[in-house]
Amino acid sequence: MNTIQKFKSPIQFRTSTILSLILILLTSFQLLAQDFTKEDELRGTVTEDRAWWDVQHYDLQVEIFPESKTIKGTNTITYKVLDEDKMMRIDLQAPMVINKITQKGKKLKFKTKGNFHYIKFKKAAMIGTEQSITIEFSGVPKEAIRAPWDGGFSWKKDDNGNHFIATANQGIGASVWWPCKDHPSDEPDKGVDLAITAPSSLMGVGNGRLISEVDNGETKTWNWKVTQPINNYGVNVNVGDYTHFGYKQEGLNGMLDVDYYVLSYNLDKAKEQFNQVPLMLNAFEYWFGPYPFYEDSFKLVEVPYLGMEHQSSVTYGNKYQNGYLGRDLSGSGWGLRFDFIIIHEAGHEWFANSITNSDVADMWIHEGFTAYAENLYLDYNFSKEASSEYVIGTRRIIQNDRPLIGTYGMNNEGSSDMYYKGANILHTLRQLVEDDKKWRSILRSLNKEFYHKIVTSKQVEDLMSKETGIDLTAFWEQYLRTTMVPKLEYKQISFNEMSFRYIDIIEGFDMPVIAVINGKEQWIYPKAAWQTFENIGNIKSLVIKEDFYIEKEQVK
Ligand SMILES: [Zn+2]
């Protein structure tokens, strides 16, 4: 799928010094925007040389050479011609190189400029036709030092001294090791064939289902197949001394194949820890609807780094313990009741892999909903109180440093608050809906409406306004596009009257909250101006319910 974005270069704004000064005064966000490079713009924008072709399928074959930490391979890209154009841009980051590009057996000329490779066709292909090119590539891919945060190849050894290799490239992009159109707005509609060749003493595990295994003598080739659209960063290669086990789960869409690939010596630990998978699938199918990739199965694959939401091959490196590497992010105790990586990364199958952002600036759709899914797991398997305590507990890691939404067209993510501020605003929204059955149906319609789709934050915001029946325009604007946390000031002005107002809000923000007066819940409707709530009886105790993500202060 293709979406075209237009980017207006901030350089144009620099023509007037006065205007620049005003901009600096207006927002520091504009300042950040001026730090972007041409490279960021090219990576983050659907430029003309990307817009005319829509990826249908990637046939990616890669051979891994552990001793030299090198790879080589081919990628056959099948694409639909949407528009007349002769120039095609392919992304592959240096020091990886493209050795050759062919179409129908004929060599194509291309020019390399840094991480971008431009193919000039002699004539434009006919609109509506499907074409394909084959790219041969090789090199020493960037090594990930602190995967999954930096991205690239992890070349590690397991405890027995066997090679243990994995890719993770969210952020830096899939083009760090394989040639593709590296923009989230265009997923291969018909999936990916992924052939991994590696030393035959090990095993190569990729996305989707294992179709065949070919013995080449010293090496083996494992052919994996994904039949559904997949985001580029979700495509992954893992090589290790794997052993396999699995089961079939009866789910909402029938029998789901669940498979696990773990290091041979971790089999017993995995059999114990992965008991959380059926609990996770039950919880998420209950709240979000069917697991979105029955065709391609569900897998957990052990890796030498923490983990990543690789579609139908969720990678796991949480060391077979609960929490986030044994820690509770929330401080509430509930974070130690589940394995963070199993629950969080698998939650991304719904939010990131099925519903995908069209620009990484809107990545809160992935991380906010998935961080929120952690507490829905607790809600389903423990209690509603557990879920509230957990999500409220995670507020301690919110920084309000930058807005949740980043800068469009620049391959720029918003603040890391997209996780737990995202989760907390969704938890707040659940309070506003005040009907858990309805809330669940909203989450399910989101997954139905945007099933396997690439969307903007605005589309998600609008659908949630429509489904809740509440105009959430100011709500989203406040929480997603500013760093201000609404602050409720309230005071008791007589024995049976209280006054309240909001500060630190945008115009029109008027979210109601629940005040607990003498133990009784009561909706109040604060706005920017002070209001008085009269005749509420002799106030002995007055608190504002914690579930709403706001600051509050009882003033004199
Ligand atoms: Zn995540």
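Structure shown above.
Read on for a plain summary of the structure.

Conventions and cut-offs
Residues numbered from 1 in each chain as written. Predicted model: local features only at pLDDT ≥ 70, side-chain atom pairs only at ≥ 80, totals over all residues. Heavy atoms only, no water. Donors = N, O, S within 2.8 Å, 3.2 Å for Na, K, Ca; no water. Buried < 20%, exposed > 50% of the residue type's maximum accessible area, 1.4 Å probe, protein only. Pairing = 2+ DSSP bridges. Helix = DSSP H or I, 4+ residues; strand = E, 2+ residues; numbered from the N terminus. Expected span 1.5 Å × (residues − 1). Axes fitted to C-alpha atoms, helices over the stretch in contact; angles between N-to-C directions. Left-handed = near helix turned anticlockwise from the far one by under 90°. Contact = heavy atoms within 4.5 Å. Nonpolar A, V, L, I, M, F, W, Y, C, P; charged D, E, K, R; others polar. Phe/Tyr/Trp six-rings, centres within 6.5 Å; stacked < 30°, edge-to-face > 60°.

## Some details on the coordination of the zinc ion
Link 1 in the chain: The zinc ion binds to the protein through H344 (NE2), H348 (NE2) and E367 (OE), with metal-donor distances spanning 2.0 to 2.1 Å.
Link 2 in the chain: Site description for the zinc ion: donor spacing in sequence, H-x3-H-x18-E. Judged on exposure class, the residue H344 and its partner H348 are both buried.

## Digging into the sheet that holds strand β8 (residues 130–139)
Link 1 in the chain: Read across the open sheet, the 8 strands follow the order β5-β4-β8-β2-β1-β11-β14-β13; overall the sheet is mixed. Edge positions in the open sheet fall to β5 (106–107) and β13 (209–215), since each of these has one partner strand only.
Link 2 in the chain: Here strand β4 (residues 97–103) runs beside β8; their pairing, made up of 5 bridges, is antiparallel. Within the sheet, the bridge partner assigned to I101 lies in β8 and is I135.

## Thoughts on helix α8 (residues 364–381)
Link 1 in the chain: The end-to-end C-alpha separation of α8 is 25 Å, in line with the 26 Å expected for 18 residues at 1.5 Å each.
Link 2 in the chain: α8 sits mainly inside the fold: 16 of its 18 residues count as buried.

## Notes on unusual backbone geometry
A negative phi angle characterises most non-glycine residues, just as the trans form characterises most peptide bonds.
Link 1 in the chain: The omega torsion across A94 and P95 is 10°, close enough to zero to call that bond cis.
Link 2 in the chain: Inspection of the secondary structure assignment puts P95 in the loop between β3 (87–91) and β4.
Link 3 in the chain: In this model, A147 is joined to P148 through a cis peptide bond whose omega is 5°.
Link 4 in the chain: Looking at the secondary structure, you find P148 in the loop between β8 and β9 (152–157).
Link 5 in the chain: Located in the positive-phi region is S312, a residue other than glycine, with phi close to 55°.
Link 6 in the chain: Looking at the element boundaries, S312 is found in the loop between β19 (307–308) and β20 (314–316).
Link 7 in the chain: Even without glycine at this site, L325 takes up a positive phi of about 50°.
Link 8 in the chain: Judged by its relative accessible area of 37%, L325 is partly exposed.

## Thoughts on the sheet that holds strand β7 (residues 116–120)
Link 1 in the chain: Spatially, β3-β7-β6 is the arrangement adopted by the 3 strands of the open sheet, whose pairing is antiparallel. Of all strands in the sheet, those bounded by a partner on one side alone are β3 and β6 (110–113). In this sheet, adjacent strand axes meet at a mean angle of 25° when their direction is disregarded.
Link 2 in the chain: Across 5 bridges, the pairing between β3 and β7 is antiparallel. Residue pairing for β7: M88 is matched across the bridge by I119.

## Brief notes about the packing of helix α6 (residues 276–288) against helix α7 (residues 340–347)
Link 1 in the chain: Where α6 contacts α7, the two axes come as close as 10 Å, and the packing angle between them is 35°. Judged by the twist between their axes, the crossing of α6 over α7 is right-handed. Counting all contacts with α6, which are made through Q276, V277, M280 and F284, the residues of α7 involved are I342, I343, A346 and G347.
Link 2 in the chain: For the contact of α6 with α7, a count of residues per class yields 6 nonpolar, 2 polar and no charged.

## Details of the packing of aromatic side chains
Both the distance between ring centres and the angle between the ring planes are used here to describe each pair of aromatic rings.
Link 1 in the chain: Applying the stated rule across the entire model yields 41 aromatic pairs.
Link 2 in the chain: When the ring of W52 is compared with that of F121, the centres are 6.1 Å apart and the planes differ by 90°; the resulting orientation is edge-to-face. Pair noted here: W52 is in the loop between α4 (48–51) and β1 (53–65) and F121 is in the loop between β7 and β8, with a separation of 69 residues, a long-range link.
Link 3 in the chain: Residues Y286 and Y380 carry aromatic rings whose centres are separated by 5.2 Å and whose planes lie at 45° to one another, so their mutual orientation is tilted. Of the two residues, Y286 is situated in helix α6 and Y380 in helix α8; the sequence distance between them amounts to 94 residues.

## Considerations on the pairing of strand β17 (residues 254–263)
In the case of a regular strand, side chains alternate between the two sheet surfaces.
Link 1 in the chain: Of all 10 residues making up β17, 8 are buried, and the element is well covered by its neighbours.
Link 2 in the chain: As judged from the 10 bridges shared by strand β16 (residues 242–251) and β17, these two strands associate in the antiparallel manner. Across the sheet, residue G251 finds its bridge partner in β17, namely G254.
Link 3 in the chain: A loop of 2 residues connects β16 with β17, the two strands running antiparallel in sequence.
Link 4 in the chain: Pairing of β17 with strand β18 (residues 298–302), which is carried by 4 bridges, proceeds in the parallel orientation. Across the sheet, residue Y261 finds its bridge partner in β18, namely V301.

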